[in-house]
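Each chain, letter by letter, is given below.
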Amino acid sequence: MIPPIASRFVAGETQAEALEHARQLRDREIHTICNVLGEHHHERRAVSADVDRYRQLCRDIGRTDLEACVSVKPTQIGLGIDETTFMENLGAIVGTARDMGVFVWIDMEDRTTTDATLNAFERFVTEYPEMGVCIQANLQRTEDDLRRLVELPGTVRLVKGAYDEPKNVAYTDRSAVNEQYRTHLKYLFSETSTGAVAVGSHDPQMIDRAIELHDAYGTPFEIQMLMGVREDAQAALAAEHDVYQYVPYGKRWASYFFRRVVERRENLTFALRAILER
Ligand code: FAD
């Protein structure tokens, strides 16, 4: 069992807890993106176990009436071994998702994984358009990547980027990343030929801009936020827009929880207060 202090950001160690959380979100008209915690697997056994977990998750989501989807990390399902293993495993997950009518997101990891991730997305989304891929505004290559992606089926989730990248490939200044985010958001809303746009941000300014762009271009969109972050805003936005909460679960919750705690002073204060109040 995860300690109560971590349960703000992580649904639990088991799939059953994640789906129970999804049911509670549904009562608040918020949809769920389920993520089995895990990344950087270099051993085939760990990779296979998580691939099996995702396939079982797709089967079980498909049997419910939940508006839930899954989000996978490439290095969790084989990219830490080689690109062929990643492709095969993604194909297996997408095959099960397709049978069950479940949407599949691919998270984006650091810059060394971008090409393989986009190649895999392109390979599968042309057969199964109920897929999406995450793109990071902090990378300089993103303008070119988006030109390629808007021609494909599927959906793009635009985020600012969670990885520290070197200056020769990335915008490292916060205001420059924000400017890029705005530019890419406008491009997506104006150019996306098929799917919707997913706004993966807690930033009220970016969300307001997305709503303006939706009003201007009519492109469907959804707002995606993490479990435990701005949950009041999630509920308020869900009254008028499609809101998805990214819900991580699994035994590897400790490093994810630690990342959430250190990324913002408020989260650190919350964690310290919870410890002191015990
Ligand atoms: P920030 O730039 O961190 O903050 C901007 C403003 O938002 C703040 O000034 C504040 O007003 C508000 N805000 C932000 N956080 C909080 C908070 N905790 N409480 C209150 N207000 C807050 N990154 C990747 O690299 N790859 C991925 O695949 C990926 N997937 C993601 C999926 C989802 C659903 C989300 C939400 C994020 C994902 N990210 C991913 C992370 C992303 O790249 C950013 O690192 C992260 O979202 C922080 O940027 P931000 O736009 O939310 O806001």
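Reading the values: the criteria
Residues numbered from 1 in each chain as written. Predicted model: local features only at pLDDT ≥ 70, side-chain atom pairs only at ≥ 80, totals over all residues. Axes fitted to C-alpha atoms, helices over the stretch in contact; angles between N-to-C directions. Helix = DSSP H or I, 4+ residues; strand = E, 2+ residues; numbered from the N terminus. Parallel < 35°, antiparallel > 145°, perpendicular 65-115°, else oblique. Left-handed = near helix turned anticlockwise from the far one by under 90°. Contact = placed C-beta atoms within 7 Å. Nonpolar A, V, L, I, M, F, W, Y, C, P; charged D, E, K, R; others polar. Pairing = 2+ DSSP bridges. Buried ≥ 20, exposed ≤ 12 C-beta atoms within 10 Å, placed from the backbone. Right-handed = clockwise from strand over helix to strand, strands pointing away. Core = buried A, V, L, I, M, F, W, Y, C linked by C-beta atoms within 7 Å. Near = placed C-beta within 6 Å.

Where helix H3 (residues 83-100) contacts helix H4 (residues 114-125), the axes come no closer than 11 Å and their chain directions differ by 40°. For the element pair H3 / H4, the angle class is oblique. Of the two possible hands of crossing, H3 and H4 adopt the one that is right-handed. Between H3 and H4, the residues in contact are Glu83, Phe86, Met87, Leu90, Gly91 and Val94 and Ala116, Ala120, Arg123 and Phe124, respectively. A breakdown of the residues in the contact of H3 with H4 according to their chemical character gives 7 nonpolar, 1 polar and 2 charged.

Glancing now at the sheet that holds strand E4 (residues 131-136). Taking strand neighbours around the barrel as the criterion, the 8 strands line up as E1-E2-E3-E4-E5-E6-E7-E8 in a closed arrangement whose pairing is parallel. When strand polarity is set aside, the average angle formed by the axes of neighbouring strands in this sheet is 25°. Relative to E4, strand E3 (residues 104-106) is paired through 3 bridges, and the arrangement is parallel. Following the sheet pairing, Ile106 is matched in E4 by Val133.

Most of E4 sits inside the fold, with 6 of its 6 residues counted as buried. Of the two faces of E4, the one lined by Met131, Val133 and Ile135 and the one lined by Gly132, Cys134 and Gln136 are each fully buried. In this fold, the crossover linking E3 to E4 by way of H4 has right-handed handedness. With 5 bridges joining them, E4 and strand E5 (residues 155-159) adopt parallel strand pairing. Paired with Val133 across the two strands is Val156, which belongs to E5. Taken together, E4, helix H5 (residues 142-149) and E5 form a β-α-β motif whose crossover is right-handed.

Turning our attention to the nonpolar core. In terms of nonpolar packing, the biggest core is built from 72 residues, with Val70, Ile93, Val104 and Val199 touching the most fellow members. For Val70, the contacting residues outside a window of four places in its chain are Cys34, Tyr54, Leu57, Cys58, Ala97, Val102, Val104 and Trp105.

So, on to the environment of Thr155. With respect to the helices and strands, Thr155 occurs in strand E5. Spatially, the C-alpha atom of Thr155 lies 24 Å from that of Ala18, the residues being 137 residues apart in sequence. Not counting residues within four places of it along the chain, the set of residues in contact with Thr155 comprises Gly132, Gly195, Ala196 and Ala198.

What follows covers the site of the ligand. Lining the immediate environment of the ligand, one finds 23 residues, of which Asp107, Cys134, Val159, Ala162 and Ser201 sit closest. Of all the elements in the fold, those that place two or more residues in the shell around the ligand are E4, strand E7 (221-226) and helix H10 (265-276). With 3 residues, the single largest contributor to the shell around the ligand is E7. Here the residues of the shell around the ligand are counted per class, giving 10 nonpolar, 7 polar and 6 charged.

Judged by how many residues are buried, strand E1 (residues 31-36) sits mostly within the fold: 6 of 6 residues are covered. Going residue by residue along E1, you find His31, Ile33 and Asn35 tucked away on one face and Thr32, Cys34 and Val36 tucked away on the opposite face as well. Pairing analysis gives 6 bridges linking E1 to strand E8 (residues 242-249), with the strands arranged parallel. Counterpart to His31 in the pairing with E8 is Tyr244. As paired strands, E1 and strand E2 (residues 68-72) are joined by 3 bridges and run parallel to one another. From the neighbouring strand, Ile33 faces E2, where its bridge partner is Cys69. In this fold, E1 hands off to helix H2 (residues 44-62), which returns the chain to E2; that crossover is right-handed.

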